[in-house]
Amino acid sequence: MQDLNPIRYWLRGGIIMLAVVLLIFLVYMFIWVPLFTGSLFIIFLFAPGLILLGPLSSKCLGFMGDSIQYCPIDQSLYFVMLYTTCLVFYFLIGALAGWIYGKFKKKRVTAGLG
């Protein structure tokens, strides 16, 4: 049986997850920040990138008493790396969720339940 929609579930999941994260980020930046101050939410949103970049995050953002003056790379390059790392992480999480959903849906279709 030919699948009428050729886009795989893992790709759909990754794209949907990226869209959701980008929407949350845009809502936060343009609606939430002008109304309220505080950056705890944005730290949770960028936590995967902050953790995966590890010591570089500490040096470039001044965590744990480090001075921002000693960032080993250009700060704009650091933020590009941070955003890219977060986007790849969230895409992979969405792709994994879509892949799992596709496996369950395929089993339901072959069993005659869906």
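Before any of the text, the structure's been laid out above.
Since we're looking at a predicted model, the values are computed, not measured.

The rules behind the values
Residues numbered from 1 in each chain as written. Predicted model: local features only at pLDDT ≥ 70, side-chain atom pairs only at ≥ 80, totals over all residues. Heavy atoms only, no water. Helix = DSSP H or I, 4+ residues; strand = E, 2+ residues; numbered from the N terminus. Buried < 20%, exposed > 50% of the residue type's maximum accessible area, 1.4 Å probe, protein only. Patch = residues over 30% accessible without salt bridge, like charges linked within 9 Å, V, L, I, M, F, W, Y side chains within 5 Å. Areas by Shrake-Rupley, 256 points an atom, 1.4 Å probe, with all protein chains shown as cover. Salt bridge = Lys/Arg side-chain N within 4 Å of Asp/Glu carboxyl O. Lys, Arg positive; Asp, Glu negative; His and termini not counted. Charge placed at Lys NZ, Arg CZ, Asp CG, Glu CD. 1 Å grid on protein atoms, 1.4 Å probe; cavity = no way out; pocket = protein on both sides within 12 Å on 5 of 7 lines; lining within 4 Å. Points joined across faces, edges and corners; volume = space filled by probe spheres on them. Nonpolar A, V, L, I, M, F, W, Y, C, P; charged D, E, K, R; others polar. Contact = heavy atoms within 4.5 Å.

**Some details on the environment of Ile15**
Phase 1 of the analysis: Position of Ile15 relative to the elements: it lies in helix α1 (residues 9–35).
Phase 2 of the analysis: A relative accessible area of 47% places Ile15 in the partly exposed class.
Phase 3 of the analysis: Residues Ile15 and Ala95, 80 residues apart in the sequence, show an inter-C-alpha distance of 7.9 Å.

**A short note on a positive patch on the surface**
Phase 1 of the analysis: A cluster of basic residues, Arg8, Lys103, Lys106 and Lys107, forms a positive patch on the protein surface.
Phase 2 of the analysis: Counting through the fold element by element, Arg8 comes out in the segment before α1.

**Digging into the layout of surface pockets**
Phase 1 of the analysis: Taken as a whole, the second largest pocket encloses approximately 170 Å³ of empty space.
Phase 2 of the analysis: Around the second largest pocket, the lining is made up of 11 residues, and of these Ile42, Phe46, Leu61, Phe79 and Leu82 lie nearest the centre.
Phase 3 of the analysis: Among the elements that take part in the lining of the second largest pocket, helix α5 (residues 75–111) stands out by supplying 3 residues, more than any other.
Phase 4 of the analysis: A class-by-class count of the residues in the lining of the second largest pocket yields 11 nonpolar, no polar and no charged.

**A short note on the environment of Gly13**
Phase 1 of the analysis: By the secondary structure assignment, Gly13 is in helix α1.
Phase 2 of the analysis: Separated by 84 residues in the primary sequence, Gly13 and Ala97 have C-alpha atoms spaced 6.3 Å apart.
Phase 3 of the analysis: Those residues in contact with Gly13 that sit more than four places away from it in its chain are Gly94, Ala95 and Gly98.

**Thoughts on a nonpolar patch on the surface**
Phase 1 of the analysis: A cluster of nonpolar residues, Ile7, Trp10, Leu11, Ile15, Leu96, Trp99, Ile100 and Phe104, forms a patch on the protein surface that exposes about 770 Å² of accessible area.
Phase 2 of the analysis: For the nonpolar patch, the secondary structure elements donating two or more residues are α1 and α5.
Phase 3 of the analysis: In terms of residue count, the dominant contributor to the nonpolar patch is α5 (4 residues).
Phase 4 of the analysis: Along the chain, Trp99 falls in helix α5.

Just geometry here; none of it tells us what the structure is for.
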